[in-house]
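# Structural features, examined
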Amino acid sequence: HNGDLVVLVEEFDYVRNRGVISALSFGVDDPPPRVVIDPGVHSSYPYLFEAEGEIWCIPETYQAREVRLYRALQFPDKWEHVATPIKGLAARDSTAILHQGRWWMFLTDQDAGPNTKLRIWHASRLTGEWKPHLLNPVKTDVRSSRPAGTPFVVDGVLYRPAQDCSHSYGGAIVINRVDDLTATTYTEVAVSRIEPQEYSPFPDGIHTVCAVGDTTVVDGRRDVFIAAAFRRELRSRLARLVRS
């Protein structure tokens, strides 16, 4: 954007136990990371894309039980909430793409197991009425269902990155080739796998892979001890013991 690489990320506060969407800019004059979207509930997975001459973002807001669509008024710092494509669903990692003249949104449902069952919604317009796929859930597989970044097209074929959560959340990424996508049918096949590098600074997982133009951003995982998270989890477990 204007010659700079701008990445939107989840910035998680372990004391408040809540994430917000922040912007990181990499250019000549790099401003510090700053919060750009805070809907008042935990926010993560800021899915960023361009359409209709605008820049859009769908952050995960599953605690609100809805999927929210934001449009940039002044990218990346100013956004407006313009639509709520899906209501009443605790959607995880909603990922939208315009393919063959129709909008498709891939996601999982927190209430039905966030890592296992792939669901699809579709619409004729981005801000229009979204409908659930006839076969939802279209796939049940903890190894390759939950979205993991931007779908992409190669030689006319659609590919969809997904998380492999069979051993741990965000453990690896599987690339699925979508062979059949209509309002009534869906078929995909896993064709490639991306694993964390043992000797990299982030050896414990790889969560997303997202691309724009010639740039690809990979979200790696490193497990560390965080005192605030430990204290919060300890208080939660003690409270459950008292209630029981």
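Definitions and limits used
- Residues numbered from 1 in each chain as written.
- Predicted model: local features only at pLDDT ≥ 70, side-chain atom pairs only at ≥ 80, totals over all residues.
- Heavy atoms only, no water.
- Core = buried A, V, L, I, M, F, W, Y, C linked by side-chain atoms within 4.5 Å.
- Buried < 20%, exposed > 50% of the residue type's maximum accessible area, 1.4 Å probe, protein only.
- Helix = DSSP H or I, 4+ residues; strand = E, 2+ residues; numbered from the N terminus.
- Contact = heavy atoms within 4.5 Å.
- 1 Å grid on protein atoms, 1.4 Å probe; cavity = no way out; pocket = protein on both sides within 12 Å on 5 of 7 lines; lining within 4 Å.
- Points joined across faces, edges and corners; volume = space filled by probe spheres on them.
- Nonpolar A, V, L, I, M, F, W, Y, C, P; charged D, E, K, R; others polar.
- Phe/Tyr/Trp six-rings, centres within 6.5 Å; stacked < 30°, edge-to-face > 60°.
- Lys NZ or Arg CZ within 6 Å of the ring centre and 35° of its normal.

## What about the nonpolar core?
The biggest cluster of nonpolar side chains holds 20 residues, and the ones touching the most others in it are Phe 49, Ile 58, Met 105 and Leu 126. Looking at this core, the elements with two or more residues in it are β4 (44-51), β5 (54-60), β6 (66-74), β7 (78-87), β8 (91-99), β9 (102-109) and β10 (117-123). Tallying contributions element by element places β4 first for this core, with four residues. The residues touching Met 105, leaving out its near neighbours within four places in the chain, are Ile 58, Val 67, Pro 85, Ile 86, Ser 94, Thr 95, Ala 96, Arg 119, Ile 120, Trp 121 and Trp 130. Ala 23, Ile 55, Phe 75 and Trp 79 belong to the second-largest nonpolar core, a separate cluster that totals 12 residues.

## Brief notes about empty space enclosed by the protein
Once rolled over the atoms, a probe with the size of a water molecule shows which space is left empty. Counted under the stated rule, the structure contains one cavity of 30 Å³ or more. Taken as a whole, the largest cavity spans an internal volume of roughly 30 Å³. Surrounding the largest cavity, Ile 58, Pro 59, Glu 60, Thr 61, Glu 66, Val 67, Ala 91 and Ser 94 form its lining. Of all elements in the fold, only β5, β6 and β8 reach the threshold of two or more residues within the lining of the largest cavity. When residues in the lining of the largest cavity are grouped by element, the largest group, three residues, is from β5. Of the residues belonging to the lining of the largest cavity, the class tally is four nonpolar, two polar and two charged.

## Re the packing of aromatic side chains
Under the counting rule described, the total for this entry stands at seven aromatic pairs. Ring geometry for Phe 49 versus Trp 103: centroids 5.7 Å apart, planes at 55°, classification tilted. Residue Phe 49 is located in strand β4, and its partner Trp 103 is located in strand β9; the two are separated by 54 residues in the primary sequence. Residue Trp 103 is classed as buried on the basis of its relative accessible area, which comes to 6%. Geometrically, the ring pair formed by Phe 152 and Tyr 159 is stacked, given 5.5 Å between the ring centres and 15° between the ring planes. The structure contains a cluster of three or more aromatic residues connected by ring pairs, namely Tyr 47, Phe 49 and Trp 103. For the cation-ring pair, Arg 92 lies above Tyr 62, with the distance from its terminal atom to the ring centre recorded as 3.8 Å.

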